[in-house]
Amino acid sequence: MKYPKTKEVLNQLVADLTQMQMIVHQHHWYMRGNRFLKLHPYLDKVMDELADQLDQVSERLITLDGSPVSTLSEIAAKTKIKDEPGNWNETIDERYAKIIAGYHYLDQLYEQGIKASDEEGDYSTNDLLTGFHTEIEKRIWMMAGEINQAPELDPE
Ligand SMILES: [Fe+2]
C-alpha cells in the first residue's frame, strides 16, 4: 500500500465532511432571529462547498484503491465532530460559533492530510487538500467576521 497515512486522513475527511454538512443543515433549519433572511441562504452556499469537497475527497480515495465510509452508521462511528439534537433556543451568533468550531477542526484535519501526503509523496492529493484547506480557512474568516470575531487561525 503506497499512501496509508494519506488514505486514512482522506477517509476521516469523508466522515467529518459528511457530519459537518449535517450540522450546518441543522442550523440552517433551526435558526431564527435577526439576519435570518441573509444567513439562512448563506448556509446553502456553505453546504454546497462541503458537498463538493466531500465528493472530491472520496473520489480521490477511490482513485488510490481506498474504500470510503458510505453509511450513516459508519460515519457516526468515525466522525470526531460532536452533534446534538436540534433546538430553537440559540441565537444566530451561537449557531455560527458552533459551525466555526467544526471548521477549526476541519482546518487541522486538512493540515494533517497535507503533511501526510507530502511525507508519502502523494502530490496530487497534496494539491487537492491544499486548495480545500484554503477554502475552509476563508470560510472561517467570513463566518467569524459575521459574528464580530477574529478568525484566530494564527493568533498572536
Ligand atoms: Fe434549505
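Residues numbered from 1 in each chain as written. Predicted model: local features only at pLDDT ≥ 70, side-chain atom pairs only at ≥ 80, totals over all residues.

Draft legend 1. View of the UniProt feature "domain: Ferritin/DPS" (unreviewed entry) in the chain. According to UniProt, the "domain: Ferritin/DPS" (unreviewed entry) feature falls on residues 8–149. This span, residues 8–149, is 78% helix and 0% strand, and a straight line between its end C-alpha atoms measures 33 Å. (UniProt positions renumbered as here; feature names shortened; annotations may be inferred. Helix = DSSP H or I, 4+ residues; strand = E, 2+ residues; numbered from the N terminus.)

Draft legend 2. Here's a closer look at the packing of helix 1 (residues 4–30) against helix 2 (residues 36–63). Contact geometry for helix 1 and helix 2: axes closest at 9 Å, N-to-C directions at 160 degrees. Comparing their axes, helix 2 and helix 1 come out roughly antiparallel. In terms of crossing hand, the pair formed by helix 1 and helix 2 is left-handed. Residues of the contact of helix 1 with helix 2, tallied by class, amount to 14 nonpolar, 9 polar and 2 charged. (Axes fitted to C-alpha atoms, helices over the stretch in contact; angles between N-to-C directions. Parallel < 35°, antiparallel > 145°, perpendicular 65-115°, else oblique. Left-handed = near helix turned anticlockwise from the far one by under 90°. Nonpolar A, V, L, I, M, F, W, Y, C, P; charged D, E, K, R; others polar.)

Draft legend 3. The environment of K98, seen in detail. Position of K98 among the secondary structure elements: in helix 4 (residues 92–120). With 18 C-beta atoms packed within 10 Å, K98 lands in the partly exposed category. In sequence terms K98 and E8 are 90 residues apart; their C-alpha atoms lie 26 Å from each other. (Buried ≥ 20, exposed ≤ 12 C-beta atoms within 10 Å, placed from the backbone.)

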